[in-house]
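Read off the chains here:
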Amino acid sequence: MAPLRRQGGRSSNYNFYLKGFGLTIFLFSVVTFYFQNTQLKNAVKINEAIAASKNAFLRNLGNQMIAQKPVEDAKLEKEAMKHDSEEEGKGGRGGKKESDENQSKAKKENDNTNASLNLPVAPVAEQQASTAKGNGSIIPIDLTVNFLHIIDKAPGAPPEPIMASSASSRRSSEDFLPVVTPHNIKFRWRHEARTGAKPGDLTVTAYRVIVQTVGKSDALWDSGKMNVNEKDGVRIKAVAYGGTAPAVGQILRWSVTIWDGKQQESTSAWTKFAVGPTQEDWKGKWVAHPSDMDTFDKSTERGKVNGDRCSGWKLRRPLPLFRTKFSVDKKDNVASALLLVSGLGSFRASVNGVPLSTSGPIDPPFTDYSKRVMYRGFDVTPFANDPEIVVGMTMGSGWWDHRPISGMAKPDLLPRGPATIVAQVVVTYKDGTSAVVGETGEKTGWQVSRGHIRESDLFTGEMVDLDVFANMEGWDTASSWKEAAAVDSANMDPYAEINKWVDVVPYRTDVTLEQRVQTISIRAKAMKAEDAKPFPQGNNFADPIGMLVPHEIPPVMSMERIAPDEIHDLGSGRWLFDFSKAFSGMLHFDQGLPEPIVPDSYPRAHGFKKASADGHGFLAVIYGESLEMTTGDINRVLVAGLGLHDGGPRHVSKSEGATKHTYCFPEDHDDILSQRDVYVVPSKRESSFAKARQSHFTTHSFRFAEVCCTKEPPSGVHALLYRTAVPEWGNFDSSSVLINGGYELVKNAMVSNMLSVQSDCPHREKLPYGGDLVADSPAALAFFDMSSFYKKTIYDWLDAQWGNGAYTETSVWQDLNDYAGIGYGAGETVWASAPLVLSVRHYQNYGDEDLLRKSLPHHVRWLDFLDKYFDAGMEEKGYDKELETYTNPPKSGLGDWLAMRARDTFLTHTGFYMASGRCIAYMAHVLEEKGAEERGMSVANQIRDRIARLYMKNGKDNFDFPKGHAENTPGPEMGLFSRIVPGEKRCIVLKNWFQRAGHTWPGEEEFKFIDAMSEDDKNAWIESGQLTKRGNRWAMGWSQWQGFNEGIFAIRYALKTLSETGLHNIALRKATVPGFATPEYMMSHNATTMWESFWRSEDLYSRNHPMLGALAEWMSSSAAGVSLFPTTSGGRKMLFWPQFPKSAKTLKFASAEQGSIRGDYAIAWRFEGLPNDENDYDSAVVNIKIRLLVPPSGEASLRFPVPQSSSTTATYHHAVTIPDLGYAKSEAKNECQDRRRQKLGFSYNWDYDRDEGKWFKRLNGKAIGTPCDSFLFHPSLDETLWSETNSITGRMTERTDEYLNPGLYEVIINDWPLEKEVEGTGRIGNIPEYFNAEGDLSPYCKDKSDFDWNIEDATHII
């Protein structure tokens, strides 16, 4: 494929370089590279590409050998400690295990060179087959402790960095080691059926957990064989450690043996975890650089300068490096050594010059650091035998000491202090004794110096001094150790403190947590100023640091390593790298950077004025997700940090000079707060540039990256995709490029926004908004194992709860949109209800009663708050109790955010008050707390009845306002989905819903697009109904039934309601039509991530925003047909409910995989016997084949769509023995990757010709949306032996569920008639065929139930 031109004229003079190997001798290199993600498809000149390819291949091969070295070193250490090397298989895997039979089959390597695969990215722990022992039918997999997996190596880990010659040859044995405290240890695992197993044996009848100290064969704790009677309700939820509390510092391993239905056993591989201290048991103390600490002391000169926060912040740059040196006594008697460490803002730890993990951009995870700070544990046992041990800590700013600048987010409201660390090493000896060494504190031997990172910021990027980096090489090894120098308190130049090692000082503050909370509470109006408690005013004004807790979630790690798809020469030494999809991360320069050149003038934001003035060499990297339509450069406005920009070259949303007076704005960003990394070499030494690798303590959201300025493009460039390393376990596919593409848009956006919190966007605000969590957590729960992540999220909200019981809009208060709440510190009611809704969804998926028990008292306080303040707060917003004067006043709330329609904020405020009551009732019901249950139900029913009375009293049966402000959102879809509409009215409300219609859209970008279309394209759009007259102008139209108009909540209500009431065909049409406000519209404008809005924005709304992402969960649950059963808990039971389009023109097949803590479920269906002529796709009679997979110890219900013909029949049978599903899955995945490499997905995009000022359609194949077949239909399963066929026609016609035990099933539906879709009154019209239909519209209206919400139903709680 020819490279994409920059968005501009048809005649471009860009130099496109094709990279190829060209020599037969390198054929093996080609193949290997293609599957190792190291090939650039369009890169450098051909003669240089050959050499670059050869060198990169050899280097990559060497890196692979190096990457294996930590594992080999770890094995050597284990042998030295007389471990059983066979038993030291890597357990606790974050993905599926292959059966014993699969291990002999050849596996193809993953290829990460393409755009995002429509497949789960294999978690780290999926890289090797299971080493489970035994011959039982059930294999225990994915062992976790406190929901955490061990991570041996991040899947996208970059090549090992070049280390100092003095660095140790030893390596850390894993990238992430779970750490628990002695009295909080719970074990969980999942199940997989062994190939050849019989379905009747796939029930767990007993388990046994054994915990050992690493290096010892005796059990520290043995649960014994514990019988499990699943049929009688005795279920495995989580196994609590029941032995003597292990000692802090111990490194343990555990495994589980399970017995199947025939009492045959299988034992998992061993997996490790460590035991860390509680806050009270920490010996190390927080320490800082003395000069940094002084900037927060009013009695010092630096503290006085910090009266101007920007000047004080600059005094703390460059960022510090910390180190200590010690040796371990009784080396021959050492059993283990555990480094426990944390640092604020962010840190990377090393021992004897060896980095201990590839994580780091946001470590520790983002929390309110005045309440709670997480620490890591590293197994440093291999280093204990070194003569001396040097622990090093490289620091970034993170969310702690960032540039003091505010915009759409207000980071200055977060806790702040100087860079600070806490650490200690616990050495455990073979005799069971232990010693703490290397602890931080005053006069403990810890030193600090300023280092090579001049600046690090999550919003503005990182600046690295490569000369300092080279000159300080080996600073964290014993060979570079020197005694601490005296502190020069008179010196005010922080650059004079580079490579000047001084003793650390204790972190000090006179601010208490109570004082800080009171100050923020008053500002948020959650507390009255007159009720404030007086506090003494001290000199030290750094914020307090909260309690230390072990990591609650996996760290942010590199999960993919991506080669550029194209490289473009932009002239003047500027190179544009295109990675074909957007994500969060940064560039990695595998071979360093070339020497820079100095252009006549630097492109905007690529300059560095001070360096130029001083004659220093530098290179800048600018990141962005899209290209600016009028210049072809990276669009910096759409990714501007904190929303601070001047509108860009078009100045539509903001005027020129808008940021001129922004406090502490970086001057070289040229009026747009840009995603930018800078590498500077004052000496201009080429050898220093060659040492550049990556920025470490920032992440950027990008598809494109500009590197400037070099004569030739840097070689060996890859992008590192960073996210929180939770396991990925959900997938969807279908025959529709548009549905698949929509799924990928959401998933890519979700991946981009999982940076220790689930954020709104990964560039502008990066904040955890409650409304976004409510809207798109169903999709996230379908994509990933969010057990640890959402538990941590709920804890964040509990920390943020005000003293009066109110919850905030974000999990750390940011003074954002408080006007939208009911006052007194409360966020908008939907946003503030997020912790309750998330608690319920967490329990439904993971069954963690401890979390409910901890959170319920907090949630009851929120309900108390609502009971006290809600009615008065709503009246202040202009809502009278009967809505007689309802006008949807300004600032009334956020409601169904960014909908095309007007928003009904009364309904969302009040609906989530109802939902809060339901959540309380649900949780109390689980915990058998009768009083709270009755109270929650009473509140919920009162609010539900109130809404129903108000919205039905107009007599129109349309669930609308009393005064008829129809067409607002949400509307009937919320009333129906959330069981608010009275049961006897559900069907008439459903029918009347189809009276709603769309309208034309007045967006200026859309008008300009239409004006710049060719006449042929415009006429085609008019003919298809995509353009409609709005006054005297052609306008795009938003549709109710052919596309989307809903905001972030109603999109779920609409799709799910349609599919659940037998109108799935309309839901499918909304997702599969082309045109404005559809996934097709976004992809046609080169989107690879979901936009913030359905309309196009070139300078305001984010293009990487998952909050409209509920449609992805609908694709799995309805278009394919697998989701949690509404009343299940702990992910035990799934609902298989495959539903089909009326016409095969819409969809011919679909499939989904859905993980749970039981194991992996899967479904696939396809039409069979379709006619050759697609014109007959809406009239033929076909068969439908469905395959279903239920994992061991799981269960499911199969629900059928109602047949449209009396001749339709259905049968099913099950596999007599489980076939080789692992092989089928692996081969199907490889075949899908092959298809994606061929770019068989979305096939065009709109391009802007800057010379002619016209938009034109470019045919351009892409990977996104590529249809792939399910592994359940892989040819390798064609020889499966099936049981006798059973008829289930009666189940289908009677609409009763078929219960499914574990196993593989095949269902055949015969004689299913296809039919033509209803027409309606056009793209933006309504559907009179439905609202004028005689009798019941839906077969589900025959259900005479009262439609009340079931207290155990987590799905329809809101």
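These notes cover the structure that comes with them. (Residues numbered from 1 in each chain as written. Predicted model: local features only at pLDDT ≥ 70, side-chain atom pairs only at ≥ 80, totals over all residues. Heavy atoms only, no water.)

Concerning the pattern of salt bridges
How we decide: For salt bridges, the criterion is a side-chain nitrogen of Lys or Arg within 4 Å of an Asp or Glu carboxyl oxygen. Every helix listed is a DSSP run of H or I at least four residues long, and every strand listed is a run of E at least two residues long, numbered separately from the N terminus. Between buried and exposed lies partly exposed: a residue is buried under 20% and exposed over 50% of the maximum accessible area for its type, with that area taken using a 1.4 Å probe on protein chains only.
Following the criterion strictly, the structure yields 83 salt bridges and no others. As a salt-bridge pair, E497 and R302 come within 3.7 Å of each other at their nearest N and O atoms. Placement of E497 in the loop between α6 (466-471) and β25 (502-503) and of R302 in helix α4 (residues 301-305) is noted, with a sequence separation of 195 residues between them. The exposure class assigned to E497 is buried, which follows from its relative accessible area of 6%. We classify R302 as buried; its relative accessible area is 5%. Here D646 makes a salt bridge to R604, at a shortest N to O gap of 2.9 Å. With D646 in the loop between β31 (617-624) and β32 (676-681) and R604 in the loop between β30 (574-589) and α8 (609-614), this residue pair connects regions lying 42 residues apart in the sequence. Its relative accessible area of 2% is what places D646 among the buried residues. You can call R604 partly exposed: its relative accessible area is 37%. Each of R372, E552, K792, D796 and D799 takes part in one network of salt bridges that share partners.

Section: the state of the cysteines
Our working rule: Only a pair of cysteine sulfur atoms within 2.5 Å qualifies as a disulfide here.
Under the defined criterion, the tally for this structure stands at 3 disulfides. Disulfide pairing places C310 opposite C664 at an S-S distance of 2.0 Å. Across the S-S bond of C310 and C664 the torsion is about 75°, and the bridge reads as right-handed. You can see C310 sitting in helix α5 (residues 309-315) and its partner C664 sitting in the loop between β31 and β32, a full 354 residues away along the chain. Here C310 and C664 have matching classes, each one buried. Across a sulfur-sulfur distance of 2.0 Å, C1232 and C1268 are joined as a disulfide pair. Here the S-S torsion is close to 80°, and the disulfide linking C1232 with C1268 is therefore right-handed. Of this pair, C1232 sits in helix α26 (residues 1221-1237) while C1268 is found in the loop between β47 (1254-1259) and β48 (1286-1287), placing the two residues 36 residues apart along the sequence. Both residues of the pair, C1232 and C1268, belong to the buried class.

A short note on the packing of aromatic side chains
Inclusion rule: Each aromatic pair joins two rings of Phe, Tyr and Trp (for Trp, the six-membered one) with centres within 6.5 Å, and gets the label stacked for planes under 30 degrees apart, edge-to-face for over 60, and tilted for any other angle. Comment: the charge-over-ring label is applied if NZ (Lys) or CZ (Arg) is within 6 Å of the ring centre and within 35 degrees of the ring normal.
Going through the model one piece at a time under the given rule, you end up with 62 aromatic pairs. An aromatic cluster of three or more residues is present, and its members are F187, W189, Y207, W221, Y241, W254 and F273. Sitting over the face of the ring of W501, R323 holds its NZ or CZ atom 3.7 Å from the ring centroid. Cation over ring: K854 sits above Y795, and NZ or CZ is 4.1 Å from the ring centre.

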